[in-house]
Amino acid sequence: MPETLLALVVQSAGAAGLTFGLLSVWNVRRPGTRLRFWLLALAIPVLLPLVLALLAPVRASEPFRRNVALFVASRWAALPLGAWHLGSVVTVAVAAAGAVLFLRDLVPALRQGVRVRGHGEGNDPREREVVECIAAHAARRAVAPPAAALIPDDEAAYLYCRGLVRPVVAVSTGALAALSAEELDAALAHEVAHVASGHLVLGWGLIALRSLFFFNPLTQIVGRTAVLEMERAADDEAAAATGRPSAVASALAKLGVMAGDDGLDLPGGLRFSAVKARLLRLADRDEGGAADGLDALRLSLAGVGIALLVFFVVP
């Protein structure tokens, strides 16, 4: 077990590192394209080892492990570390880190679902304004408009979309008070973009995969990175739909600050904030250049590279 987990973590780390490097070298900036790269980095280390166990039993042979493999996890796992072995220590530390990262995203998602439950369309004129705005953006994208739920919460400002079969855009009364008309329009366009792009289904698929591999912190990090790319893609689509990227940015800034941001504290007093990264991107908005027709080739090369890395890393 320790060697299997160690091999999976190394495979995932290699896939993430290779993907990050290729995205940088190729200067891939379009969020939709970047999302596909990160989905590859997430899926291949999870699925390919199962296929290789059936189709490539040679990887388990001693000659392959001794002479060909780039990393043999069992050798590292067996190294002594005081009264323990390295594999046991790494298993506990890695699994704990993965669980913390997974719960950090799962708990807010569950809280969002609880907020929406029990709130349907009412007679509040502000809710009718939200419904009409959502319908206009949905018609522009040729999708069924998600429902709206006005949450009576003046203390917090939040606006998000939930649901798979029947999506619902939840808007707190605090958000309505904080956002201008243009900012509200931009924020709702952002949520409709998620619906039109299939991000809700993909997002829950990512949560399901992350729950199965909760013990792998790299799965959690790559999954979170994929979600960030979906947010960036929705930012771009909202900016295009409204023609006001500044309104998208100001709405994001207000909602992020009033929600306590979504920053991650790091050692040494450093703080990573996905909200701030998105704001900087909107401030210096660049569509990433026109598609040059090489994205499919690049994606294929990345997939082959990740697959080769997984092939030569064995438990």
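(A) Here's a closer look at the overall build of the protein. When its secondary structure is counted, the protein shows 13 helices and nine strands. In the protein, buried positions account for 43% of the 315 residues. Residue pairs at least 24 apart in sequence account for 69% of intrachain contacts in the protein once pairs closer than 6 positions are excluded. For the protein, the accessible area works out to roughly 15,600 Å², and carbon and sulfur atoms hold 67% of it.

(B) View of the packing of helix 2 (residues 31-55) against helix 9 (residues 199-212). It is the contact of helix 2 with helix 9, at a shortest axis distance of 12 Å, that shows an interaxial angle of 30 degrees. By the criterion of interaxial angle, the relationship of helix 2 to helix 9 is roughly parallel. Of the two possible hands of crossing, helix 2 and helix 9 adopt the one that is left-handed. Seen from helix 2, the contacting residues are Leu35, Leu39, Leu42 and Val46; seen from helix 9, they are Leu202, Leu206 and Leu209. Each residue belonging to the contact of helix 2 with helix 9 can be placed in one class, and the counts come to seven nonpolar, no polar and no charged.

(C) Broad picture of the layout of surface pockets. Approximately 400 Å³ is the volume attributed to the second largest pocket. Looking at the second largest pocket, it is lined by 22 residues, and the ones nearest its centre are Thr4, Gln11, Pro49, Leu50 and Pro315. Contributions of two or more residues to the lining of the second largest pocket are made by helix 1 (2-25), helix 2 and strand 9 (313-314). For the lining of the second largest pocket, the leading source of residues is helix 2, giving six residues. Residue classes in the lining of the second largest pocket are distributed as 18 nonpolar, two polar and two charged.

(D) Local environment of the sheet that holds strand 6 (residues 168-172). On the basis of which strands lie adjacent, the open sheet formed by three strands has the order 4-6-5 and mixed pairing. Taken across any chain shown, the strands that pair with only one partner, and hence form the sheet edges, are strand 4 (147-151) and strand 5 (159-162). With direction set aside, neighbouring strand axes in the sheet form an average angle of 25 degrees. Pairing of strand 5 with strand 6 involves four bridges; the strand directions are antiparallel. When the bridges of strand 6 are listed, tyrosine 160 appears paired with alanine 170. Together, strand 5 and strand 6 form the strand contacts of helix 8 (residues 181-196), whose direction differs from that of strand 5 by roughly 20 degrees.

(E) Summary view of the packing of helix 1 against helix 13 (residues 295-311). Look at helix 1 against helix 13: their axes get within 9 Å of each other, and the N-to-C directions meet at 155 degrees. One element, helix 1, and the other, helix 13, form an angle in the roughly antiparallel class. Note that helix 1 runs across helix 13; the crossing there is right-handed. Listed contacts from helix 13 to Val10, Gln11, Gly14, Ala15, Leu18, Thr19 and Leu22 of helix 1 are Ala302, Gly305, Ile306, Leu309 and Val310. Tallied by class, residues from the contact of helix 1 with helix 13 come to eight nonpolar, four polar and no charged.

(F) Quick look at the side chain of threonine 173. Structurally, the position occupied by threonine 173 is in helix 7 (residues 173-178). For threonine 173, a relative accessible area of 5% corresponds to the buried category. Within the structure, the side chain of threonine 173 is placed 2.9 Å from the backbone nitrogen of aspartate 153, a separation counted as a polar contact. Here threonine 173 is in contact with Arg126, Leu150, Ile151, Pro152, Asp153 and Asp154, once residues within four sequence places are set aside.

(G) Expanded view of unusual backbone geometry. Phi at asparagine 27 takes a positive value of approximately 55 degrees, unusual for a residue other than glycine. Mapped onto the elements of the fold, asparagine 27 is located in the loop between helix 1 and helix 2. Given the relative accessible area of 45%, asparagine 27 is considered partly exposed.

(H) Highlighting empty space enclosed by the protein. With the rule as written, the count across this model stands at two cavities of 30 Å³ or more. Within this model, the largest cavity holds a volume of roughly 40 Å³. Lining the largest cavity, in full, are His137, Arg141, Ala189, Val192, Ala193, Glu237 and Ala241. Tallying contributions element by element places helix 8 first for the lining of the largest cavity, with three residues. Among the residues forming the lining of the largest cavity, the class breakdown is four nonpolar, one polar and two charged. In this model, the second largest cavity occupies a volume close to 30 Å³. Around the second largest cavity sit Ser12, Ala41, Leu42, Pro45, Leu218, Thr219 and Val222, which together line it.

What counts, and where the lines are drawn
Residues numbered from 1 in each chain as written. Predicted model: local features only at pLDDT ≥ 70, side-chain atom pairs only at ≥ 80, totals over all residues. Heavy atoms only, no water. Helix = DSSP H or I, 4+ residues; strand = E, 2+ residues; numbered from the N terminus. Buried < 20%, exposed > 50% of the residue type's maximum accessible area, 1.4 Å probe, protein only. Contact = heavy atoms within 4.5 Å. Areas by Shrake-Rupley, 256 points an atom, 1.4 Å probe, with all protein chains shown as cover. Axes fitted to C-alpha atoms, helices over the stretch in contact; angles between N-to-C directions. Parallel < 35°, antiparallel > 145°, perpendicular 65-115°, else oblique. Left-handed = near helix turned anticlockwise from the far one by under 90°. Nonpolar A, V, L, I, M, F, W, Y, C, P; charged D, E, K, R; others polar. 1 Å grid on protein atoms, 1.4 Å probe; cavity = no way out; pocket = protein on both sides within 12 Å on 5 of 7 lines; lining within 4 Å. Points joined across faces, edges and corners; volume = space filled by probe spheres on them. Pairing = 2+ DSSP bridges. Polar contact = N/O pair within 3.5 Å; in protein donor to acceptor, adjacent residues only side chain to side chain.

Function cannot be read off these values alone, since they describe shape.
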